[in-house]
Each structure stands twice: as C-alpha cells, then as structure tokens.
Amino acid sequence: MFDLDTWQEIFDTLRHHKLRTALTGFSVAWGILMLIVLLGSGQGLERGVAHQFRDDAVNSIWVSSGKTSLPHRGLQPGREIQLTNDDYDDLRTSLPGVEHITSRFFIRGRNTLTYRGETGNFPIRSVHPDHRHLENTRVVLGRFLNAIDVQQRRKVAVIGRIVVDELFGARSPLGEPLQINGVVFQVVGVFEDDGSDSEMELVYLPISTAQRTFGGTDHIAQLMLTTGELDLETTNAMAGEILDRFSERHRFAPEDRRALSVSNLNAEFQRLLSLMDGIRFFVWIIGVGTLLSGVVGVSNIMMIAVQERTRELGVRKALGATPRDVVSLVVQESVFLTAVSGTLGLALGLGVLELMAAMPAADMFRQPGVDFSVALYALALLVLAGAMAGFFPARRAARIRPIEALRDE
Amino acid sequence: MIELSDIEKSYRMGKNRLRVLRGIDLSIQAGELVSIMGSSGSGKSTLMNVLGILDDYDSGEYRLDGTLIRGLSETKAARLRSRYVGFVFQSFHLIPFKTAVENVALPLYYQGVARRKRNRRAAELLERVGLANWSQHLPTEMSGGQKQRVAIARALVSEPKMILADEPTGALDTATSYEVMDLLAEIHAEGVTVVIVTHEPDIAERTRRIIRLQDGVIQQDSEVPQEPALSPVAEVTTPAVAADPA
C-alpha cells in the first residue's frame, strides 16, 4: 500500500497545502511537546519532593529516651531513662511487624581519625547492620557492616566518600588501618549517600565494638526500626506497644512524653505518598487534556481539509479511483503528517527536558525526565487520532457520487 | 456499444419526485460521434451521468459493451469507468496542484500502471493534443483551451472505448471551441466513441448524430448529413439544424 507512488501523491498534496500542513503539523508537534515537558516536569517535581523528604519520611519508628517529667509509682520526676541492648533485643525478637531494626550509640567527645599522619575530625555512628536501610546508605566499595562484625566486636569501619577524600586521597582505603581516637580499625567499605554531603562525612562502626571500646557500657542512644508495607494503623499500634513495654521495663508513666519519645514517621510517609499521588494525578489530567485538545485540533483540520478537497476527490473518482483509494489517500496523508510532526515534537520535548535537567536543581525540582514508552504511547494515540480524523470525513467524501462533487453550480 | 432501454430516473425533491429521465431508449454504436442536446432541465446531464456510470438509474436497462450496468458498488463502478470511459468536463476539473503531465497520468495511476510507463504515455498524449512543451506547467498557467486539451489527453490516456464530454466548449470562446471540437473529431476518426453533451447548436452540428432531449424523453434523433469536405453545397444542410427551437 505504501509504495513510491503513494508517497509521491502524499508529498504533492502536502506541498500544495502548505498552510494546512503547517497548522496540522504544528498542533500535533505542540501537543506532544507540551505533553513531554509536562510529564517530565511532573517527574521533576515528584523527585524534588521525594528528595526534600528523603530523610524524614521513611516508613519507620524512631525511639529515644530522656528524663521523666511525671512521678510514677513513687519515683520522683527528673530521672534519666537509659535504653540498653536489652531494649533492642526485646524489640528485635518479639515485636511483630519489624522489618529492619538498628540502634545507635554515640561516642562522647571529639573523634579524631588518623591515617599515616593525616588527621581529621569526623562524626561517628555506631550501629547495627540494618542501619543502612534507614539511611539509604549506598556502598560503593567493599561492604557495609555485617552481623559477624557486631557479634565478634570486630574493629572494622565503613567510611564516607568525604572521609576517604580527606584522609586517603587517591589511595584505596580498603583494608587500611585507620586510627579512631587512638584505636586501630580496619576499613572494610566506602559508602555514598544521595542525600547530602554531611552524610558522607560519617564513619560507621559496629555498635558492639564501640560500646566496648569507647564506653564500656551496653547503653544505646536511639532505636530505629522500619515497618515495611504495614499500614498507618498497624504501625501506630506498634508504637503504642513499644511505649507500653518500655514504660513497664523502665518504670515511667506511659503518658510521660519527656521520658520516651516514640515517633512514628509513617504518618509523614503516608502524607508524602498521597502528595506524590496528587502530583501524578494532576499531571495526568493535564496531560490527557493536552492530548485531547491536540486530537480535536487535528480532527478539525482534517475535516475541513477533506471538505475543501471534495471536488478534487470527485475528479479522482471520475478518473477511476475507488472509494478505497480515496480513503487511503487521505488517511495515509494524515497518518504521515501526524507521525512526522509528532516525532518532531517528541524530539523537541526531550530536548527541552535535557535543558531543564542541565539547570541547577532547585529545592522542589530535580532530575526531570520522562518515561519514553509513555511518550511513544502518546505519539501513537495522536497518530491513531489523526488516522480516524482523516478516515471518517474521507469515507463520507468517498461515498458522495462524483457528479455531486463535480457539479459546477 | 451503448444500449439503453426504457431508462427512468427521478430525484426526490422534498416530498415530490422529480422525474428527470422518463423512458430513454437509445443505442449508440462503437465509433460514433454523437451529441446530446437539450435545454437545461431536459435531463441531458443526468443522461450523461448515467452513461458515464457516475450515477445510477431507477429502472430500465443500460448495457455498456454488453455489460449490464446497474446497482454497482462504488468500487465496481470505478473499475468500469476507468476501463471504458474518459471524461471531459465543462470546467476541466484538472487537479490544480499537479502539472499537465501529472494530471494526464493520474487515471493510469489508479489502474496501477508503473510510473515510468504512465509518464511516457502521458507525454505522448500531451504531444498528440499539441501541448508537448507545456507538460511541466500547472493548470493555472494555462489558457482555457489548453486546459481542455490537457483534460482530453487525460480522458484518452487510459484508452477508453468512449469519451464523454459534458459541455466541453461551455467555458471557451468560439475559435477555441472549434479547435477542441476538431480534436474530438480526430479522436473519433481513430475509432473512439465520442458523446458530447451541449446546448450549442453549432457544436452539435459538428457531430454525426444529434439526440435531442426534452423533459426527459428523446424528442428527436437525427443524423447530421455529412457532405464531402470540399463541397460548396455545404450550407444546404444547415436549415435542418437551424430549425431546431433550441
């Protein structure tokens, strides 16, 4: 069907209806362009928002202790509540719904790191292996801490990219001895964090090693756990359960907010999810609207074009064109036009997104991009619409007897 | 070639039916040069449309070269048209954005003839109608007479058995009209059946047979007496035609 002659016919017609061709082409290209830019910006907004909330809003529950502010069972207020490894073990072994769990132990004072005469001060986090799930730590070299490190209290460290840069320079830190407050640790891994630079200044140690080496205690400062896919209600129940257990064990009033803080970030997480859904929904509504107006525009122009060509189509029929010839001429023309200008709009849209992506990331907007298959679907839809927009008026024109089309009056 | 028997055709005009053809019996042999005359409303254009398979009829029988033409699908009608009939219209109906040679080649495109072959054939025909130098021109760059000659070349390109010309000189001045008629007469001389619809007596006079239509019936069907070309008695035959009320 698509032989050279047909192409010739199509080009002829398009060339001789420049304005109409230009208008149709423009409305299709513009529709796709706007759609691509819109979808891309939507994604940029989504990623920007996700980035903004990346640290605060994970599906997790954070537990930390303070001083009691209420008297309880004959005990005076102002008593310090200290969490210990027992609390961690209790939650890990017997609290239903826990996905990943870790605790943190902080080392008092300044932490001085030394490697071959290079010295620097960096914050240290002593944690369980599961910690990486809470901070989205990405190991780029070696490994993260593991269960055996904790169990055997190994003197190993996983260090951030910035620590590597400042102490090791271009040298690979893997397996190298690193002095931390005078104690030698072996570097087993390097990590990066998409979030912020300050995260990459951290040094992670096995919590058991740090407790023994730098404190000689079983104290922990914080407990964090993730809750997986559980819904808000269930996780709230989990937070309540933690409060109940700890108030029992550490003997404080359950309603004493100062004694123990149990914050369930799932609420924020849910809010973020629904915000994302909102953005996505909004983008789709506008996108569908844009596409629809493109479709209407193309249909309109094709309808007028066919009307304008009634006589020409009549002549073609008198010269032996079958109705099928007439319909396929118009449809192929419109498919060709929408496909070419749609592709042009697509390319242009992707170009605009590239430009936007090249600009510095703003707070709520980063890495705009578009799902290429979605863009192709949109293009296909518009081409289909173009075909239909050509088909129906062309079929009507093909049904008209040539005499009616050719009548001079 | 053409056999019409008791052809009737009416158009619906609101609640009324307008009977345009009321029983036409007509037979045209292959190789004739015929004109159909009649005032407007006589049904001559309708008859021409029926003959050209451009329009259907209500009752009767139309055989074209032995084939019964009746209630054909558009596709079938298009096939028969492209095989049997070449059209020439009053207002030429050339496709404005195609050059002369492209216009002439178009019927062959719909017959599936290869590009090279149909362009060669179209060029031949343009030469035949004396427009060899105009093949790359657009219709808008041509005079009426030239356009009509392109249209005639286009009608001939598919080697039809019959040329149907609807007021072919209606938009032309007298001198050009006669040129066009001479061309049609030449074509006829080569054995093609030519049917011309006209309301101009001097045009009809240049054919061999005149069929007069009035109110949808054939009122008169007469031979035009042919005189030897050089005979000075030529004028004698004219009164027979001039007596016509048209």
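Student: Requested: an account of the overall build of chain A, with residues and values cited.
Tutor: When you go through chain A residue by residue, the secondary structure sums to 13 helices and 14 strands. Looking at chain A as a whole, 38% of its 409 residues qualify as buried. Of the contacts made within chain A by residues no fewer than 6 positions apart, 82% connect residues no fewer than 24 positions apart.

Student: So, the confidence of the model for chain B: which residues are in play, and what are the values?
Tutor: Detail in the predicted coordinates should be disregarded across regions flagged by low pLDDT. Residues and elements named next belong to chain B. Looking at chain B, the pLDDT average stands at 87 and 92% of residues meet or exceed 70. For residues 230-246, every residue scores under 50 in pLDDT, and the model assigns this stretch 11 contacts once sequence neighbours within four places are set aside. Scoring the predicted complex yields pTM 0.64 and, for the interface, ipTM 0.82.

Student: So, helix H5 (residues 144-157) of chain B: which residues are in play, and what are the values?
Tutor: Residues and elements named next belong to chain B. Compared with an ideal rise of 1.5 Å per residue, which puts 14 residues at 20 Å, H5 spans 20 Å between its outermost C-alpha atoms and is within 8% of the ideal. With 11 of 14 residues buried, H5 is to be regarded as a mostly interior element. Residues Lys147, Gln148, Arg149, Val150, Ala151, Ile152, Ala153, Arg154, Ala155, Leu156 and Val157 constitute the buried set of H5. In this structure, the buried side of H5 is in contact with strand S6 (85-88), helix H3 (100-110), helix H4 (115-128), strand S7 (162-166) and helix H6 (174-189). A positive backbone phi angle near 50° is found at Glu159, which sits one or two residues after H5.

Student: Explain the sheet that holds strand S4 (residues 59-64) of chain B to me, and be specific about the residues and the numbers.
Tutor: Residues and elements named next belong to chain B. What the four strands build is an open sheet, ordered S2-S1-S4-S5; its pairing is antiparallel. For this open sheet the edge positions go to strand S2 (16-28) and strand S5 (67-68), each flanked by a neighbour on one side alone. Here 10 bridges tie strand S1 (residues 2-13) to S2, and the two strands are oriented antiparallel to one another. Looking across to S2, one finds that Glu8 is bridged to Arg22.

Student: If you had to explain the interface of chain A and chain B to someone new, which residues and values would you point to?
Tutor: Between chain A and chain B, the contact holds 19 residues from the first and 22 residues from the second. Those elements giving two or more residues to the side of chain A that touches chain B turn out to be helix H1 (4-16), helix H10 (310-318), helix H11 (323-358) and helix H13 (402-406) of chain A. Take the side of chain A that touches chain B: its biggest share by element is four residues, from H10(A). Grouping the constituent residues of the side of chain A that touches chain B by class yields eight nonpolar, three polar and eight charged.

Student: Could you give an account of the nonpolar core, naming the residues involved and the relevant values?
Tutor: Buried together is how nonpolar side chains tend to be arranged in soluble globular proteins. Counting residues in hydrophobic clusters, the biggest one holds 113 residues, and the most contacted among them are A:Ile32 and B:Val104. Among the elements that line this core, the one with the most residues is helix H12 (residues 372-399) of chain A, at 10 residues.

Calculation criteria
- Residues numbered from 1 in each chain as written.
- Chains lettered and ligands numbered in written order.
- Predicted model: local features only at pLDDT ≥ 70, side-chain atom pairs only at ≥ 80, totals over all residues.
- Helix = DSSP H or I, 4+ residues; strand = E, 2+ residues; numbered from the N terminus.
- Buried ≥ 20, exposed ≤ 12 C-beta atoms within 10 Å, placed from the backbone.
- Contact = placed C-beta atoms within 7 Å.
- pLDDT = per-residue confidence, 0-100.
- Expected span 1.5 Å × (residues − 1).
- Pairing = 2+ DSSP bridges.
- Nonpolar A, V, L, I, M, F, W, Y, C, P; charged D, E, K, R; others polar.
- Core = buried A, V, L, I, M, F, W, Y, C linked by C-beta atoms within 7 Å.

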